[in-house]
Structure formats: structure tokens, C-alpha cells
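Each chain, written out:
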Amino acid sequence: MKTCTMCGKEYDENAAQSEYAQAGEWLAGEVWKDSGKLCQLCLENRTRLVMMYDHELNR
């Protein structure tokens, strides 16, 4: 079990990920450089927010 650096919740890093979480993991590695430190919910939320508001990455 790891602790999410964004929300503080414990999570299983080996749990199956949704497509949103996989995209969030890519963003974590390529954009924010915090890959492997966020839970699935935070990864999913980050992906949704980027899709809605970050027009530079959403092309």
C-alpha cells in the first residue's frame, strides 16, 4: 500500500486501472513528474480536468 501525495489516501499500486487513470499516469510522468505517487481517483480527476481546461495538452 502506498499513500497518495495529493489526497493522502492509501491505495494499492497494483490494482487494475481505468483508461482515465492510465492517461493520468501518463500525465503524471510527462507533465507533472509525479508518476507512481497518486491514487487512481486523483489520476482520473487530473485527466478529466486536463481534458476540460488545458487546451495546450488537449490537441
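For the structure given in this document, a descriptive report is provided here. (Residues numbered from 1 in each chain as written. Predicted model: local features only at pLDDT ≥ 70, side-chain atom pairs only at ≥ 80, totals over all residues. Heavy atoms only, no water.)

### Topic: the overall build of the protein chain
Argument step 1. A count of helices and strands for the protein chain gives 2 helices and 2 strands.
Argument step 2. Listed N to C, the secondary structure of the protein chain is β-β-α-α in terms of helices and strands.
Argument step 3. For 59 residues, the compact-globule estimate of 2.2 N^0.38 gives 10 Å, and the C-alpha radius of gyration of the protein chain, at 11 Å, lies within 12% of that figure.
Argument step 4. Its C-alpha atoms give the protein chain principal-axis dimensions of roughly 35 × 20 × 15 Å.
Argument step 5. Among the 59 residues that make up the protein chain, the fraction classed as buried is 25%.
Argument step 6. Here the analysis covers contacts within the protein chain between residues at least 6 apart in sequence; of these, 43% occur between residues at least 24 apart.
Argument step 7. Put simply, the protein chain shows about 4200 Å² of open surface, and 51% of that area lies on carbon and sulfur atoms.
Argument step 8. Where the 7 positive side-chain charges of the protein chain centre and where its 10 negative ones centre are 4 Å apart. (Helix = DSSP H or I, 4+ residues; strand = E, 2+ residues; numbered from the N terminus. Rg over C-alpha atoms; globule rule 2.2 N^0.38 Å. Buried < 20%, exposed > 50% of the residue type's maximum accessible area, 1.4 Å probe, protein only. Contact = heavy atoms within 4.5 Å. Areas by Shrake-Rupley, 256 points an atom, 1.4 Å probe, with all protein chains shown as cover. Lys, Arg positive; Asp, Glu negative; His and termini not counted. Charge placed at Lys NZ, Arg CZ, Asp CG, Glu CD.)

### Description of helix H1 (residues 19-32)
Argument step 1. With 14 residues, H1 extends 18 Å from end C-alpha to end C-alpha; this agrees with the ideal 20 Å at 1.5 Å per step.
Argument step 2. The set of residues buried in H1 consists of Ala-21, Gly-24, Leu-27 and Ala-28. Buried residues of H1, viewed axially, fall in a sector of 110°; they line one side.
Argument step 3. In the core, the buried residues of H1 are packed alongside helix H2 (40-53). (Expected span 1.5 Å × (residues − 1). Arc of directions from axis to C-beta.)

### Concerning the packing of aromatic side chains
Argument step 1. Applying the stated criterion to the full structure yields 0 aromatic pairs.
Argument step 2. The ring of Tyr-20 carries the charged tip of Arg-48 above its face, separated from the ring centre by 4.3 Å. (Phe/Tyr/Trp six-rings, centres within 6.5 Å; stacked < 30°, edge-to-face > 60°. Lys NZ or Arg CZ within 6 Å of the ring centre and 35° of its normal.)

### Some thoughts on the side chain of Asp-34
Argument step 1. By secondary structure assignment, the location of Asp-34 is in the loop between H1 and H2.
Argument step 2. Asp-34 sits in the buried class, given a relative accessible area of 13%.
Argument step 3. Within the structure, Asp-34 has its side chain in polar contact with the side chain of Arg-46 (distance 3.0 Å). (Polar contact = N/O pair within 3.5 Å; in protein donor to acceptor, adjacent residues only side chain to side chain.)

### Thoughts on the side chain of Glu-44
Argument step 1. Structurally, Glu-44 can be placed in helix H2.
Argument step 2. Buried charged residue Glu-44 carries no salt bridge. Nearest counter-charge: Arg-48, at 4.1 Å.
Argument step 3. At 2.6 Å, the side chain of Glu-44 forms a polar contact with the side chain of Ser-18.
Argument step 4. If we ignore the near neighbours within four places in the chain, the residues touching Glu-44 are Ser-18, Tyr-20 and Ala-21. (Salt bridge = Lys/Arg side-chain N within 4 Å of Asp/Glu carboxyl O.)

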